[in-house]
Amino acid sequence: MDITAVSTSSTLPAAETAPLKVAVILGSNRDGRFGPVVADWFLARAAKHPGIATDLIDVAEADLPTAITFSPRPEEAARLGAVSARLAAADAFVVLTPEYNHSFPAPLKTLIDWHSAEWQAKPVAFVGYGGISGGLRAVEQLRQVFAELHAVTVRDTVSFHNAGALFDDEGRHLDPEPADAAAKTLLDQLVWWGTALRDARNLRPYGA
Ligand SMILES: Cc1cc2nc3c(=O)[nH]c(=O)nc-3n(C[C@H](O)[C@H](O)[C@H](O)COP(=O)(O)O)c2cc1C
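Source: prediction; values computed, not measured.

### Considerations on the pairing of strand S2 (residues 52-58)
As paired elements, strand S1 (residues 20-26) and S2 share seven bridges and run parallel to each other. Of the residues in S2, the one forming a bridge with Lys21 is Ala53. A crossover connection joins S1 to the parallel S2 through helix H2 (residues 35-48); in handedness this β-α-β unit is right-handed.

Structure follows, in structure tokens:
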């Protein structure tokens, strides 16, 4: 079944035809990290995909404290508030995650744990990268985390094995077609779920 066929009926309210707001979360903050190459690659694919508007949320810039508290210090509260508002505004998420020791990076978990309702009844797709694993173990663990948060994870992923060797110095993928096809599949599924769940939340607020 072609899931890219989306109704464009002019009778739909504007909120239901507006571009899907997709927060793209860059999950590593390591000095010298490879993540920005993956982020630039993905955002370029997303820019060509119809019906979405992206917002890049970088865990390095968010710089959230690891201690979850109801009374963060003022400068931390300001940073938290800014990132929380952007997550709340999103209709869907794409998490870009490397694999660290068969799991996902700690700052990504910190960003996830600081939030709750922001994730609920929204879809989450994954772009994993790493060494031999291609980030796949990190992605499978994240599916368990997001299930707890009432989010829906998208089946198909993009996975980059030995990621550093797949791109040239300008961040161009050396064998672009399979990767582009994987990104399109992921985005098609994300848009289907994101649109369906946005419509559903508008019709009936999610009560977790
Ligand atoms: C602490 C650490 C642990 C890692 N563990 C794994 C691993 O378990 N499996 C894997 O395939 N790659 C592993 N790698 C390789 C990273 O996934 C790879 O270097 C990736 O590019 C890191 O993303 P980043 O540069 O954006 O931080 C590890 C790297 C680091 C720094």
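### Brief notes about the site of the ligand
Lining the immediate environment of the ligand, one finds 16 residues, of which Arg30, Phe34, Glu99, Tyr100 and Tyr129 sit closest. In this structure, Glu99 approaches the ligand through a main-chain N or O atom, which is 2.7 Å from an oxygen atom. For the ligand, an oxygen atom lies 2.6 Å from a polar atom in the side chain of Tyr129. For the ligand, whose free accessible area comes to 620 Å², the fraction covered by protein is 74%. Grouping the constituent residues of the shell around the ligand by class yields five nonpolar, seven polar and four charged.

### Some thoughts on the packing of aromatic side chains
For the coordinates displayed, the defined rule picks out eight aromatic pairs. Relative to Tyr129, the ring of Phe34 has its centre 6.3 Å away and its plane inclined at 55°; by these criteria the two rings are tilted. Taken together, the residues span a long stretch of sequence, with Phe34 in the loop between S1 and H2 and Tyr129 in strand S4 (residues 123-129) at a distance of 95 residues. By relative accessible area, Tyr129 is classed as buried at 5%.

### Brief notes about the packing of H2 against helix H7 (residues 176-203)
As a packed pair, H2 and H7 sit with axes 10 Å apart at the nearest point and diverge in direction by 60°. By crossing handedness, the relation of H2 to H7 is classed as right-handed. Within the contact between the two elements, H2 uses Trp41, Phe42, Arg45 and Ala46 and H7 uses Ala179, Asp180, Ala183, Leu186 and Leu187. Grouping the amino acids of the contact of H2 with H7 by side-chain chemistry returns seven nonpolar, no polar and two charged.

### Things to note about the UniProt feature "domain: NADPH-dependent FMN reductase-like" (unreviewed entry) in the protein
Here the UniProt-annotated "domain: NADPH-dependent FMN reductase-like" (unreviewed entry) positions come out as residues 21-163. Between the end C-alpha atoms of residues 21-163 there is a gap of 27 Å, over a span that is 38% helix and 22% strand.

### Let's talk about the nonpolar core
One finds Phe42, Val94, Val127 and Phe160 to be the most contacted residues of the largest nonpolar core, which totals 28 residues. Those elements giving two or more residues to this core turn out to be S1, H2, strand S3 (92-98), S4, strand S6 (158-160) and H7. Non-local contacts of Val94, meaning those with residues more than four positions away in its chain, are made with Val22, Ala23, Val24, Ile25, Phe42, Ala125, Val127, Leu186 and Leu190.

Cut-offs used in this document
Within each chain, residue numbers correspond to sequence positions counted from 1 in written order. Two thresholds apply to this predicted model, a pLDDT of at least 70 for residue-level local features and 80 or more for giving and counting side-chain atom pairs, whereas whole-chain, interface and lining totals are computed over all residues. For the side-chain quantities, the full set of heavy atoms in the structure was used; hydrogens and water were omitted. Between any two strands, at least two bridges found by DSSP are needed for them to pair. Elements are defined by DSSP. Helices are runs of H or I of four residues or more, strands are runs of E of two residues or more, and each kind is numbered from the N terminus. Here a crossover is taken to be right-handed if, once the strands point away from the viewer, the path from the first strand over the helix to the second is traced clockwise. We call a residue near a molecule or strand as soon as one heavy atom of that residue lies within 4 Å of the molecule or strand. Throughout this description, a polar contact denotes any pair of N or O atoms lying within 3.5 Å of each other; where both atoms belong to protein, one of them has to be capable of donating a hydrogen while the other can accept it, and for residues adjacent in sequence the pair is counted only when both atoms sit in side chains. In these tables, accessible area is a Shrake-Rupley quantity obtained with a 1.4 Å probe, and a residue counts as shielded only by the protein chains included in the view. Put simply, Ala, Val, Leu, Ile, Met, Phe, Trp, Tyr, Cys and Pro go in the nonpolar bin, Asp, Glu, Lys and Arg in the charged bin, and everything else, Gly too, in the polar bin. In this scheme Phe, Tyr and Trp rings, the latter by its six-membered ring, pair at centre separations within 6.5 Å, and the angle between planes marks the pair as stacked below 30 degrees, edge-to-face above 60, and tilted otherwise. Each residue is assigned to one of three classes by its accessible area relative to the maximum for its type, calculated with a 1.4 Å probe on protein chains only: buried under 20%, partly exposed between the two thresholds, exposed over 50%. Axes here mean lines fitted to C-alpha atoms, for a helix over just the part in contact, with angles spanning 0 to 180 degrees between N-to-C directions. Left-handed is the label given to a crossing in which the near helix is rotated counterclockwise from the far helix by less than a right angle, and right-handed is the label when the rotation is clockwise. Here, two residues are considered to be in contact whenever any of their heavy atoms come within 4.5 Å of each other. UniProt positions are given in the numbering used here, feature names are shortened, and annotations may be inferred rather than shown by experiment. Joining through side-chain atoms within 4.5 Å is the link that ties buried Ala, Val, Leu, Ile, Met, Phe, Trp, Tyr and Cys residues into a set, and such a set is a nonpolar core.

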